[in-house]
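# Working through the structure, step by step
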Amino acid sequence: MTKKTITSAPAVKRDTSGGQILGRTSDGVRIMKPKFSPTSFTVKQMQSAISKLPKRVGVS
Amino acid sequence: LSKGQVFVNCPFTPDYHSFFQAIVFTIIRSGFTPRCAREDDDGSDNRLNKILRIIGDCRFGIHDISKTEVDAESGLPRFNMPLELGLFLGAKKFGSEEQRLKKSLILDCEPYRYQKFISDISGHDIHSHDANISSLIVEVSGWLRSASDRRSVPGGAKIEANLGAFQQDLPNLCHELDIQINELEYVDMVGLMSSWISEVA
């Protein structure tokens, strides 16, 4: 009998106000996930577009 | 009611667009979630009900009452901003204990001008942005820092520099996403700002 493996979903990070955290800036500000998703493109497409931007130095 | 959500009560007209974009960017960059009537384009939802629901959700409200000029076609001013400010102040005054914790930033384009058209709010601390985006960002970020007691909220100069960098990247982002800048919906812009800030800033 094989042992059943239980995998849990990755934990969603939330701040104290209950909002979901999208990420953190280099100066430590927690950026919140927007309440509504984009309607003209997917989040994945958006992240892909951002990853293709030329790297900036000293933006923050 | 969420202490991380900010109701944005301002004009949605083309001449105010860069100010609106600056307010929304400043809110996101400061670690808060902007909320406004444009977030959910559902024609079956009564607009006032939607606004009331958003006001009920938000601890903070930013109200820009600077646009008072008359409409070229109707010859009348638009009263939506003063109405929504009144609803927000009413929720604070007559709402539950939690709603009474609401805080407002009221903005105009000149100091004391509001006394000539909405004198009943005398006694509130009205901030002036002098119709200038740099001043607007400084006012909004400074107020968010003190109203929320979050010292992590960056200064206006840093946020303005970030906004400039985002605006420089926006044409490239839109090219990658096969969309024109003027075709971006409010929720698209908020999504792009949020992701860009969390990845780049």
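None of these values were measured; they are calculated from a predicted model.

Next up on the list: the overall build of chain B. Helix and strand counts for chain B stand at 6 helices and 5 strands. Element order for chain B, N to C, with α for helix and β for strand: β-α-β-α-β-α-β-β-α-α-α. In terms of overall size, chain B behaves like a compact globule, its C-alpha atoms giving a radius of gyration of 17 Å where 201 residues would be expected to give roughly 17 Å. On the principal axes, the C-alpha backbone points of chain B span a range of 50 × 45 × 35 Å. Among the 201 residues that make up chain B, the fraction classed as buried is 51%. Long-range contacts, defined as pairs at least 24 residues apart, comprise 66% of the intrachain contacts of chain B with a sequence gap of at least 6. When the accessible surface of chain B is split by element, carbon and sulfur atoms take 48% of a total near 9500 Å².

Of note, B:His129 is situated in the loop between strand 5 (126-128) and helix 4 (133-148). Judged by relative accessible area, B:His129 falls into the buried class, the value being 2%.

Take the layout of surface pockets next. Residue and element names in this part refer to chain B. Looking at the largest pocket, its volume works out to about 320 Å³. What lines the largest pocket is a set of 19 residues, and nearest its centre among them are Pro 11, Phe 12, Thr 13, Arg 78 and Met 81. Residue assignment for the lining of the largest pocket shows that the elements contributing at least two residues are strand 1 (2-9), helix 2 (47-57) and helix 3 (80-94). Looking at the lining of the largest pocket, its residues break down into 10 nonpolar, 3 polar and 6 charged.

Before going further, it helps to spend a moment on the pairing of strand 1 (residues 21-24) of chain A. Summarising the sheet, strand 1 of chain A and strand 2 (residues 30-32) of chain A pair through 3 bridges and their orientation is antiparallel. Across the sheet, the residue bridging to A:Gly23 is A:Ile31, located in strand 2 of chain A.

Once that is clear, we can look at helix 3 of chain B. Residue and element names in this part refer to chain B. For helix 3, which comprises 15 residues, the first-to-last C-alpha distance of 21 Å matches the rise-based estimate of 21 Å (1.5 Å per residue) to within 8%. Those residues of helix 3 that sit buried are Met 81, Glu 84, Leu 85, Phe 88 and Ala 91. Taken around the axis of helix 3, the buried residues stretch over an arc of 120 degrees, which confines them to a single face. The outward face of helix 3, more than 90 degrees from its buried face, is lined by the exposed residues Lys 93 and Phe 94. For helix 3, the secondary structure elements touched by its buried residues are strand 1, helix 2, strand 3 (58-64) and strand 4 (103-108).

On to empty space enclosed by the protein, then. Tallying each qualifying case throughout the model produces 2 cavities of 30 Å³ or more. Computed from the structure, the largest cavity encloses a volume of approximately 70 Å³. Every residue along the wall of the largest cavity is listed here: A:Pro34, A:Lys35, A:Phe36, B:Thr33, B:Pro34, B:Glu39, B:Tyr186, B:Val187 and B:Val190. Listing elements by their share of the lining of the largest cavity, those giving two or more residues are strand 2 (33-35) and helix 6 (186-200) of chain B. Of all the elements, helix 6 of chain B adds the most residues to the lining of the largest cavity, at 3 residues. When grouped by side-chain class, the residues that make up the lining of the largest cavity number 6 nonpolar, 1 polar and 2 charged. Lining of the second largest cavity is provided by A:Met32, A:Lys33, A:Pro34, B:Ile28, B:Phe32, B:Thr33, B:Pro34, B:Val190 and B:Ser194. Of all the secondary-structure elements, those providing two or more residues to the lining of the second largest cavity are strand 2 and helix 6 of chain B. Its residues assigned to classes, the lining of the second largest cavity comprises 6 nonpolar, 2 polar and 1 charged.

Our next topic: a nonpolar patch on the surface. Taken together, the side chains of B:Leu48, B:Leu52 and B:Leu83 present a nonpolar region at the surface, about 260 Å² in accessible area. Within the element layout of this structure, B:Leu52 appears in helix 2.

The subject of this paragraph is helix 2 of chain B. Residue and element names in this part refer to chain B. Every buried residue of helix 2 is listed here: Lys 50, Ile 51, Ile 54 and Ile 55. Angular distribution of buried residues about the axis of helix 2 spans 135 degrees; they occupy a single face of the element. Close packing links the buried residues of helix 2 with strand 1, strand 2, strand 3 and helix 3.

With that out of the way, let us pick up the sheet that holds strand 2 of chain B. All names here are of chain B. Spatially, 5 strands are ordered 2-1-3-4-5 in an open sheet, and the strand pairing comes out parallel. Each having just a single partner strand, strand 2 and strand 5 make up the two edges of the open sheet. Direction aside, the axes of adjacent strands within the sheet are offset by 30 degrees on average. Pairing of strand 3 with strand 4, which is carried by 5 bridges, proceeds in the parallel orientation. Paired with Ile 62 across the bridge in strand 4 is Leu 105. Across the sheet, helix 3 is in contact with strand 1, strand 3 and strand 4; its angle to strand 3 comes to roughly 155 degrees.

So, how was this worked out
Residues numbered from 1 in each chain as written. Chains lettered and ligands numbered in written order. Predicted model: local features only at pLDDT ≥ 70, side-chain atom pairs only at ≥ 80, totals over all residues. Heavy atoms only, no water. Helix = DSSP H or I, 4+ residues; strand = E, 2+ residues; numbered from the N terminus. Rg over C-alpha atoms; globule rule 2.2 N^0.38 Å. Buried < 20%, exposed > 50% of the residue type's maximum accessible area, 1.4 Å probe, protein only. Contact = heavy atoms within 4.5 Å. Areas by Shrake-Rupley, 256 points an atom, 1.4 Å probe, with all protein chains shown as cover. 1 Å grid on protein atoms, 1.4 Å probe; cavity = no way out; pocket = protein on both sides within 12 Å on 5 of 7 lines; lining within 4 Å. Points joined across faces, edges and corners; volume = space filled by probe spheres on them. Nonpolar A, V, L, I, M, F, W, Y, C, P; charged D, E, K, R; others polar. Pairing = 2+ DSSP bridges. Expected span 1.5 Å × (residues − 1). Arc of directions from axis to C-beta. Patch = residues over 30% accessible without salt bridge, like charges linked within 9 Å, V, L, I, M, F, W, Y side chains within 5 Å. Salt bridge = Lys/Arg side-chain N within 4 Å of Asp/Glu carboxyl O. Axes fitted to C-alpha atoms, helices over the stretch in contact; angles between N-to-C directions.

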